[in-house]
Amino acid sequence: MLPKRSEFFALLAAHSERVLASTNALLRLITSLGVSKDDVAALVEEVNMNEASADQIKKDMLAMLHKAFVTPLNRDQVYALTLELDGVVNAVQDVAQSVAIYHVSEATAASRELASMAVDACTRLNRAINSLKDKERSEETVNLCVEIERIEEKADAVMQGAIKTLFENEGDEDAALLAIRMRQFYSRQEKVLARCKESAQIIEGILIANS
């Protein structure tokens, strides 16, 4: 059987829901640092489970694109959006795994702010994808994409400010090593926002192609 129009949008929506769930788990993980090691471990696993679920949705979408003669949206754009959503979840998983890699034992104000921004961006991304099927909501969809791009710009400024602060404060060798580790950690957090921005730009391209 050929896939129905609704099935494409349902899979995109399901994918974006896994993206949002993973960033919500990451925010809770960040805020648990220095509070509960058990919660951190459980939340890392929650992120991993969301990544595995998102990966299966990606495979289902790619299989559907392969067998469909006609798609409700440009095939290449749907393919690109699917891969970009997968990239967001992978970036979230990288942050979660980086907690152990970079020995991040406590949350900083910047790490909490970046995690919160990721949730804000992914909330809008989920809404944008859910409204994508309705041409009457195209203005709403565009506005959500613009908001995502603005959040990413603010996140980049937060990251740069946090990194600058790390290296402005002189300290011993341990302090220098901590600064290097946190720079990498912040960079991975900001990458989540960057992938959200790229997803938003693909959605804008889809709207233009279907206007």
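Residues numbered from 1 in each chain as written. Predicted model: local features only at pLDDT ≥ 70, side-chain atom pairs only at ≥ 80, totals over all residues. Heavy atoms only, no water.

**A few points about the overall build of the chain**
And then number 1: Counting its secondary structure elements, the chain contains six helices and zero strands.
And then number 2: Along the chain, from the amino end to the carboxyl end, the secondary structure elements read α-α-α-α-α-α.
And then number 3: Taken over the C-alpha trace, the chain has a radius of gyration of 18 Å; the compact-globule value for 211 residues is 17 Å, and the two agree within 12%.
And then number 4: Here the C-alpha coordinates of the chain stretch approximately 65 × 30 × 20 Å along the principal axes.
And then number 5: Each of the 211 residues in the chain was classed as buried or not, and the buried ones make up 47%.
And then number 6: Across the chain, every contact between residues at least 6 apart in sequence was considered, and the portion connecting residues at least 24 apart equals 83%.
And then number 7: Of the accessible surface of the chain, which amounts to about 10,600 Å², a share of 51% is contributed by carbon and sulfur atoms.
And then number 8: For the chain, the distance from the average site of its 24 positive side-chain charges to the average site of its 33 negative ones is 5 Å. (Helix = DSSP H or I, 4+ residues; strand = E, 2+ residues; numbered from the N terminus. Rg over C-alpha atoms; globule rule 2.2 N^0.38 Å. Buried < 20%, exposed > 50% of the residue type's maximum accessible area, 1.4 Å probe, protein only. Contact = heavy atoms within 4.5 Å. Areas by Shrake-Rupley, 256 points an atom, 1.4 Å probe, with all protein chains shown as cover. Lys, Arg positive; Asp, Glu negative; His and termini not counted. Charge placed at Lys NZ, Arg CZ, Asp CG, Glu CD.)

**Focus: a nonpolar patch on the surface**
And then number 1: Residues Phe-167, Leu-177 and Ile-180 make up a contiguous nonpolar surface patch of about 260 Å² in total accessible area.
And then number 2: Mapped onto the fold, Ile-180 is located in helix H6 (residues 173-209).
And then number 3: Residue Ile-180 is classed as partly exposed on the basis of its relative accessible area, which comes to 39%. (Patch = residues over 30% accessible without salt bridge, like charges linked within 9 Å, V, L, I, M, F, W, Y side chains within 5 Å. Salt bridge = Lys/Arg side-chain N within 4 Å of Asp/Glu carboxyl O.)

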